[in-house]
Amino acid sequence: MKKTILTLGISALISTNLLAKDIKIGVVMPLTGAIAGYGQMTKKGIDLAHEMQPTLNNKDKIVLVYVDNAGDKAQTANAVNRLISKDKVVAIIGALTSSNSLVVAPIIKKYHTPTVAPVATNKRVTYANPYMNRACFIDPFQGKVAAKFAVDNLHAKTAVVIIDKSQAYSAGLAKNFIKDYKKRGGKVLKVLFITSGDKDFKAILSSIKAANPDIVYAPLYAPEMALILKQAKTLGIHKQFLAGDGVSDLKTLTGVAKDASNNLMYSDHFNEAAAPTKLSKQFVAKYHQKYNNEQVPSFAANGADSYFIIVNAMNKCKNPADKECVAKNITKTKKLEGVTGYITIPKSGNPTKSAVINQVQDSKAVYKATVNP
Amino acid sequence: MSKYFIRLALISAAVMILLYISMQYLDSYTVMILENLGIFIILAVSYNLINGVTGQFSLEPNGFVAIGAYVTALLLLDKNAKLDQFMLSDPSDFILAIHSSFVPALLISGIVASLVAFMLAFAVFRVRGDYLAIVTLGFGFIIRIFAVNQSEYTNGSMGLSGISNEANLMWIGVFVLISITVVLNIVYSKFGRAMKAIRDDEDAAEAIGVDVFKIKTYAFMTSAFFEGVGGGLMASLLTTISPEQFSFMLTFELLIIIVLGGLGSISGSILGTIIVIAGMEWLRFLDEPNFFSDTAHPGLRMVVFSVILILIMLFARKGILGNKELWDIVKVKK
């Protein structure tokens, strides 16, 4: 009797193992190198999303395969080829940023592998490529959001724009801000340029003081933004600064600028205080539990959404390992409940989403408003 | 002499057949590593000519690779693609007008890089040693700042994308063979002997009648030509380029390769490239969850790799092959 039960048990175990396949999703991300911080934040979000939905509806287990690209283009190309040909993944999340995702796009197009980039905001990433998608909004949209918020909510009639010339991201946002802001009747008094790594901003700050605008739009990254705010405070310039999601690395920002960073407003993908869906509330609670009550960074939220978008598409396919079917269903995503809101992805691969405006208060991101497209 | 050509033809044919077979039967990951390897062999071998054989401690390759990559990219992109992606300012008429196919683009890249090297030579070879290193380092920075700021020529920090992917393993193989053959022929010619004389003692070389400036400029221009071609291949392989790719780190990587392989040894440079470029990929298994723990360790391969580098340099002070060639060592053992 014992033997039969044992045999039955073993055969049952084997059969379930045979029926439920492992479905691999590859993740290419900078986990080492200069921009590893952003990669680590996103990884936390993807890991948690995987914990929340470890299997597909048909009980197939999802396995995540992480490959590090160190933020480097050649290594990204290697990593993607490795995931496709060696690990045989069905879909790919990555590569995090635009410059690396531009390397990914032609490769996954060649091998027909559906891909979702978490925070690649450059509009050319998904260009003429049915397999490339993203989980975030694009640069032009974020610039427009800032312009709309500046005119409608801050009632700012005049603005000065600061552009970081060495960052494509900064130029992309600023250009679209200027265009849209002028269209809405605002006046751009001055456009000032800086370069990443600059330390002394007194010259541009004094020219801001002379221009005396209602707001300063500065789509920069956290290190430069922090120094500008700090030096503005010492010079007694109390203008409203408005930035993009590049400053959402609040640890760096507030670590350097301290209380000078208070009142800074920036457009972002997500704020945990305004969790828009049931899933996002759940996600925020679990994130706090898992990572020591840390505030959920928008990178983590976008990483999780990339995962949910792919899993949702896989669930719609009879055979979840069918790349063509998954790719087709990603671009059919309609009102999917995600962490950053309800996600709809059209054929272009660029989702329509709303943005939030956050304000920095005591080293925390305080929710200010939601701006719809 | 004809014996030499027969041997060269046989070796080339064997290499090309091997590459063709690997392209057909190996998976895309291995092919990608081989392609990367080929490009870095071109860069390392040509960098070794100026740095190892001629002994001029120059830190310029990132500049020439950038020039090559940008020239190839701008020649390969057609007018519409340029109009579509130049966002920071409109492309200049000159940039819009230029267009060519793949091989001419690579050759033009090489020629442009080598012309820049010619002009640069007048300035940089007025100084020697450490001072030369600093002057050439400055050149790399200038090229990068030009790429960021002159957005009507380079599209600034946005970089260029959608470059047609024509650099396959075969083309890279062809240029690897050409670069190695040319550099080896130079090394074993009277120019090569003059270069080595300059490396060993510049004043003595000048005293016995070597035109030091001319020889240095020859080496510099040849080196720049192949660095330009390598940059062009890189642009076409990755299909996208941006200024931050050509930072000092690229020069640094090449410097590690040629020091590891042995300064002045061409086969050493090839060996060094294989260890550094392919080694980083082979060590990827260290990042994955393994027998000892379930969690992944991103970055572990970097640590192990650095330890390997330190060990090699501790036990082979002059690099793996010193300034000998692989075939010298094999002959001794016969």
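Remember, predicted model here, so these are calculated numbers, not experimental data.

Visitor: Could you give me a rundown of empty space enclosed by the protein, with the residues and numbers involved?
Guide: For the structure shown, the criterion picks out 1 cavity of 30 Å³ or more. Approximately 60 Å³ is the volume attributed to the largest cavity. In terms of lining, the largest cavity is formed by Leu102, Asn122 and Arg124 of chain A together with Gln85, Met87, Asn155, Met158, Gly159, Leu160 and Ser161 of chain B. Here the lining of the largest cavity is composed, by residue class, of 4 nonpolar, 5 polar and 1 charged.

Visitor: Talk me through a positive patch on the surface; I want residue IDs and the actual numbers.
Guide: Residues and elements named next belong to chain A. Residues Lys123, Lys144, Lys175, Lys179 and Lys183 make up a contiguous surface patch of positive charge. Examining the composition of the positive patch, we find that 3 residues originate from one element, helix α6 (residues 168-183), more than from any other. Residue position: Lys144 is located in helix α5 (residues 139-152).

Visitor: Describe in detail the nonpolar core, supporting the description with residues and values.
Guide: All names here are of chain B. Among the nonpolar cores identified, the biggest contains 113 residues, and Phe64, Phe220, Leu233, Ile241 and Phe246 are the most heavily contacted of them. Ranked by the residues each element gives to this core, the list is headed by helix α2 (residues 28-53), at 15 residues. Those residues in contact with Phe64 that sit more than four places away from it in its chain are Ala113, Val116, Ala117, Leu120, Phe139, Phe220, Ala224, Glu227 and Gly228.

Visitor: So, a nonpolar patch on the surface: which residues are in play, and what are the values?
Guide: A grouping of Val303, Val307, Ile310, Leu311, Leu314 and Phe315 of chain B is seen on the molecular surface, where their side chains present a nonpolar patch of about 620 Å² in accessible area. Secondary-structure assignment places Val303 of chain B in helix α15 (residues 300-315).

Visitor: Please provide a residue-by-residue account of α5 of chain A, values included.
Guide: All names here are of chain A. If you check α5, its first and last C-alpha atoms are 20 Å apart, about what 14 residues at 1.5 Å a residue would give, namely 20 Å. Most of α5 sits out of view: 11 of its 14 residues are buried. Against α6, β8 (215-217), β9 (240-243), β10 (265-268), β13 (355-361) and β14 (364-371) lie the buried residues of α5.

Visitor: Give me the lowdown on the sheet that holds β13 of chain A, citing residues and values where you can.
Guide: Residue and element names in this part refer to chain A. Here 7 strands make up an open sheet; going across it, the order is β7-β6-β8-β9-β10-β13-β14 and the pairing mixed. In this open sheet, the two edge strands, each paired with only one partner strand, are β7 (187-194) and β14. Adjacent strand axes in the sheet meet at a mean angle of 25° when their direction is disregarded. The strands touched by helix α7 (residues 202-211) are β6 (158-164), β7, β8 and β9; relative to β7, the strand with the most contacts, the crossing angle is about 175°. Against the sheet, helix α9 (residues 250-257) makes contact with β10, β13 and β14, and its axis sits at roughly 30° relative to β13, the strand it touches most.

Visitor: Break down the pattern of salt bridges for me, with residues and values.
Guide: Residue and element names in this part refer to chain B. Under the counting rule described, the total for this entry stands at 14 salt bridges over all chains. For the salt bridge of Asp203 with Arg128, the shortest nitrogen-to-oxygen distance reads 3.2 Å. With Asp203 in helix α11 (residues 202-207) and Arg128 in the loop between α6 (102-124) and α7 (129-149), this residue pair connects regions lying 75 residues apart in the sequence. With relative accessibility at 47%, the residue Asp203 sits in the partly exposed group. We classify Arg128 as partly exposed; its relative accessible area is 38%. Among the salt bridges present, the one from Arg284 reaches Glu281, with a minimum N-O distance of 2.8 Å. Glu281 shares its class with Arg284; the two are buried.

Visitor: Describe in detail the packing of aromatic side chains, supporting the description with residues and values.
Guide: Here the structure, examined in full by the defined rule, presents 21 aromatic pairs over all chains. Note on Phe118 of chain B and Phe122 of chain B: the rings are 5.3 Å apart at their centroids and 80° apart in plane angle, and the pair reads as edge-to-face. Of this pair, Phe118 of chain B and Phe122 of chain B both sit in helix α6, separated by 4 residues, roughly a single helical turn. For Phe118 of chain B, a relative accessible area of 37% corresponds to the partly exposed category. A relative accessible area of 46% means that Phe122 of chain B is categorised as partly exposed. Chaining the aromatic ring pairs together yields one cluster made of Phe64, Phe125, Phe139 and Phe220 of chain B. Looking at Lys44 of chain A, its charged tip hangs above the ring of Tyr291 of chain A, at a distance of 5.0 Å from the centre.

Visitor: Explain helix α1 (residues 2-25) of chain B to me, using residue names and the numbers behind them.
Guide: All names here are of chain B. Helix length check: α1 (24 residues) gives 35 Å between terminal C-alpha atoms against 34 Å at 1.5 Å per residue, within 8%. Met16, Leu19 and Ser22 are the residues of α1 that are buried. Those residues of α1 that are buried lie in contact with α2 and α9 (169-187).

Cut-offs and rules
- Residues numbered from 1 in each chain as written.
- Chains lettered and ligands numbered in written order.
- Predicted model: local features only at pLDDT ≥ 70, side-chain atom pairs only at ≥ 80, totals over all residues.
- Heavy atoms only, no water.
- 1 Å grid on protein atoms, 1.4 Å probe; cavity = no way out; pocket = protein on both sides within 12 Å on 5 of 7 lines; lining within 4 Å.
- Points joined across faces, edges and corners; volume = space filled by probe spheres on them.
- Nonpolar A, V, L, I, M, F, W, Y, C, P; charged D, E, K, R; others polar.
- Patch = residues over 30% accessible without salt bridge, like charges linked within 9 Å, V, L, I, M, F, W, Y side chains within 5 Å.
- Areas by Shrake-Rupley, 256 points an atom, 1.4 Å probe, with all protein chains shown as cover.
- Salt bridge = Lys/Arg side-chain N within 4 Å of Asp/Glu carboxyl O.
- Lys, Arg positive; Asp, Glu negative; His and termini not counted.
- Charge placed at Lys NZ, Arg CZ, Asp CG, Glu CD.
- Helix = DSSP H or I, 4+ residues; strand = E, 2+ residues; numbered from the N terminus.
- Core = buried A, V, L, I, M, F, W, Y, C linked by side-chain atoms within 4.5 Å.
- Buried < 20%, exposed > 50% of the residue type's maximum accessible area, 1.4 Å probe, protein only.
- Contact = heavy atoms within 4.5 Å.
- Expected span 1.5 Å × (residues − 1).
- Pairing = 2+ DSSP bridges.
- Axes fitted to C-alpha atoms, helices over the stretch in contact; angles between N-to-C directions.
- Phe/Tyr/Trp six-rings, centres within 6.5 Å; stacked < 30°, edge-to-face > 60°.
- Lys NZ or Arg CZ within 6 Å of the ring centre and 35° of its normal.

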